[in-house]
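# A closer look at the structure
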Amino acid sequence: MANTTFSSADVLLPKTGFEKWAVIACDQYTSEGEYWADVENTVGDSPSALRVILPEVYLSDDNSGRIKKINDTMNTYLKSDVFNEYKDTLIYVERTDSVGNVRKGIVGKIDLEEYDYTPKSKLSVRATEQTVLERIPPRVEIRKDAPLELPHVMLLIDDDKKEIIETLSESKDKFECLYDFTLMKNGGKIAGYKIDKETEKEILNGLDKLKEKHNGLLFCVGDGNHSLATAKECYKLNKHKQSRYALAEIVNIHDSSLQFEPIYRVVFGADGNKVIDEFVKSCGGEYIGEDAQKYICVIGKERHEISVKPTSKLCVGTLQQFLDEYVKMNKGVKVDYIHGIGSVEKLCERENTVGFIFDGMRKDELFDAVLCDGSLPRKTFSMGHADDKRFYIEARRLK
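Residues numbered from 1 in each chain as written. Predicted model: local features only at pLDDT ≥ 70, side-chain atom pairs only at ≥ 80, totals over all residues. Heavy atoms only, no water.

## Here we look at the pattern of salt bridges
Note the threshold: Every case where a carboxyl oxygen of Asp or Glu lies within 4 Å of a side-chain nitrogen of Lys or Arg is listed as a salt bridge. Every helix listed is a DSSP run of H or I at least four residues long, and every strand listed is a run of E at least two residues long, numbered separately from the N terminus. Whether a residue is buried, partly exposed or exposed follows from its accessible area with a 1.4 Å probe, protein chains only, as a fraction of its type maximum: under 20%, in between, or over 50%, in that order.
In this structure the tally under the stated criterion is 27 salt bridges. Glu94 is paired through a salt bridge with Lys172; the nearest N and O atoms lie 2.8 Å apart. In this pair, Glu94 sits in strand β5 (residues 91-96) while Lys172 sits in the loop between β10 (154-157) and β11 (176-182), placing the two residues 78 residues apart along the sequence. For Arg396, the salt bridge is made with Glu149, and the minimal N-O distance between the two is 2.7 Å. With Arg396 in strand β23 (residues 396-397) and Glu149 in strand β9 (residues 148-149), the pair connects residues that are 247 residues apart, well separated along the chain. Note on Arg396: relative accessible area 3%, which makes it buried. The network of salt bridges with common partners includes Asp10, Glu85 and Lys87.

Structure representation (structure tokens):
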């Protein structure tokens, strides 16, 4: 049976200048404008993915001007011979992260007919976290008229025998090397290879077998769920051959370099001590039972340890339930989702800010959790540190 959920794509890559072309996913460093300002300085006037994405640090109530400029730049790049196009291609990717670990993946396209972000979906591509519906419309505005897409979506497979992706490292010498360069701003290194057709067939057959393993579940969305949800909504708005698909990278959840990291919470615009007190109160007060969930709360240079009775299976679920209600009841209070303890500590130096640090979910719990519960609390986990997130490199025509 031929695999139809994941397949080869017509991939666009820049002809030159990969170092300035590749930039990190748009949903990183959302409260750290200095990161993106430095990227601006690094890129300068060179063709860059920075010019055809909208970093979320720049999102506002009216993004129309930025979106128009993005679409215009996409058209300019297409007309000015910036890209080479590789027809009907799967790309084997080796990403060396900031500490030297190598993450292996395959870039191709996903059939959006096989993806549904709603809880309890039975399709072969499923969301791992609750989708925040209000986050989709701004992204739809960016994508719906765009002539290009660039992916930061990463999909996970459950290949405990490591037979599909990891074995490609032994064959890469026979593949055409498409790129091999150093990523900016401590992003590590990355190399991409064009997979031959014989190997592609073996990969797709292997994915078909995995699909049977979890009763039809093949891919769990590891990163970029809202971007994939946006692609789905745009496909619903305008169904055609190009919009039906979305570029993505697939990675084995059992890849030894893949580490699940908690995504911490930082609350802005509120007295930190009052937020902590209200959180503890919402859980019934301090609790020291064997099943207690523990948090480190950061205010300025101070740290406060608290322990509460669970209201959800995961620490992040207990906290998120409280924060959702707290934000509703307190106008002007905002919550951001932060990767890395250092970033939390830096942000919490601001006045009226408090951060919550806690233990995360183990990666071997993911597929069973999705099969059982449908989806996890939003922003439950991150795969690696912020600098190790997926960079935009590959592109695909949408028109």
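## A look at the packing of aromatic side chains
Using the following cut-off: We call Phe, Tyr and Trp rings a pair once their centres come within 6.5 Å, taking the six-membered ring for Trp, and we label the pair stacked below 30 degrees between planes, edge-to-face above 60, and tilted otherwise.
Considering all chains together, one arrives at 17 aromatic pairs under this definition. On the numbers, 5.9 Å between centres and 50° between planes, the contact of Trp21 with Tyr77 is tilted. Note that Trp21 is positioned in helix α1 (residues 18-21) and Tyr77 in helix α3 (residues 64-79), a separation of 56 residues in sequence. The residues Trp21 and Tyr77 share a single accessibility class, namely buried. Where Phe279 meets Phe322, the ring centres are 5.3 Å apart and the plane angle is 40°; that geometry is what we call tilted. Of this pair, Phe279 sits in helix α7 (residues 272-282) while Phe322 sits in helix α8 (residues 315-329), and the two are 43 residues apart along the sequence. Both residues of the pair, Phe279 and Phe322, count as buried.

## Structural notes on helix α2 (residues 33-43)
Residue pairs three or four apart in sequence face the same way in an α-helix, which turns once every 3.6 residues. Applicable threshold: Arc definition: it is the arc formed by the directions from the helix axis to the C-beta atoms. Any two residues whose heavy atoms approach within 4.5 Å are treated as being in contact.
Those residues of α2 that sit buried are Tyr35, Trp36, Val39 and Val43. Buried residues in α2, looked at end-on, bunch into an arc of 90°, giving them a common side. For α2, the elements touching its buried residues are α1 and β3 (23-24). Once α2 ends, the next one or two residues include Gly44, with phi positive near 60°.

## What about the pairing of strand β12 (residues 189-194)?
This is how the line gets drawn: The rule for pairing is simple: two strands pair if DSSP sees at least two bridges between them.
Pairing between β5 and β12: six bridges, direction antiparallel. Bridged to Arg95 within β12 is Ile190.

## Considerations on helix α4 (residues 136-143)
When α4 is considered as a whole, its buried residues turn out to be Ile136, Arg139, Val140, Ile142 and Arg143. Projection of α4 onto a plane perpendicular to its axis shows the buried side chains occupying an angular sector of 160°, all on one side. Of the surrounding secondary structure, the elements contacted by the buried residues of α4 are α3, β9, α6 (225-237) and β14 (245-252).

## Focus on the state of the cysteines
Put simply, the rule reads: A pair of cysteine sulfur atoms is labelled a disulfide when the two atoms are within 2.5 Å.
In total, this model carries zero disulfides according to the counting rule given. Free of any disulfide, Cys297 has its nearest cysteine sulfur in Cys348, 9.6 Å distant.

## Some points on the packing of α4 against α6
The condition is simple: Whenever a helix is involved, its axis is fitted only over the stretch in contact; in every case the axis is a line through C-alpha atoms, and angles between N-to-C directions fall within 0 to 180 degrees. If you view the pair so one helix is near and one far, a crossing is left-handed when the near helix is turned anticlockwise from the far one by less than a right angle, and right-handed when it is turned clockwise. For this scheme, ten residues count as nonpolar: Ala, Val, Leu, Ile, Met, Phe, Trp, Tyr, Cys and Pro. Four count as charged, namely Asp, Glu, Lys and Arg, and the remainder, Gly too, count as polar.
One way to put it is that α4 packs onto α6 with a least axis distance of 9 Å and a crossing angle of 60°. Like other packed secondary-structure pairs, α4 and α6 cross with a definite hand, here right-handed. Within the contact between the two elements, α4 uses Ile136, Arg139, Val140 and Arg143 and α6 uses His226, Ser227, Ala229, Thr230, Ala231, Glu233, Cys234 and Leu237. Here the contact of α4 with α6 is built from residues that sort into six nonpolar, three polar and three charged.

## Focus on the sheet that holds strand β18 (residues 302-308)
Working definition: the strands of a sheet are paired by backbone hydrogen bonds and lie parallel or antiparallel to each other. Taking strand neighbours across the sheet as the criterion, the five strands line up as β18-β17-β20-β16-β19 in an open arrangement whose pairing is antiparallel. Edge positions in the sheet fall to β18 and β19 (334-338), since each of these pairs with one other strand and no more. Mean inter-strand twist for the sheet, computed between neighbouring axes without regard to direction, equals 25°. Bridging between strand β16 (residues 264-268) and strand β20 (residues 353-357) involves four bridges; their strand directions are antiparallel. Bridge pairing in β20 links Phe268 to Thr353. The strands touched by α8 within the sheet are β16, β17 (293-299), β18, β19 and β20, with β17 carrying the most contacts at an inclination of about 50°.

## Thoughts on the side chain of Thr128
Checked against the element boundaries, Thr128 lands in the loop between β8 (125-126) and α4. You can call Thr128 buried: its relative accessible area is 3%. In contact with Thr128, not counting residues within four places along its chain, are Cys220, Val221, Leu366, Val370, Ser375, Leu376 and Phe381.

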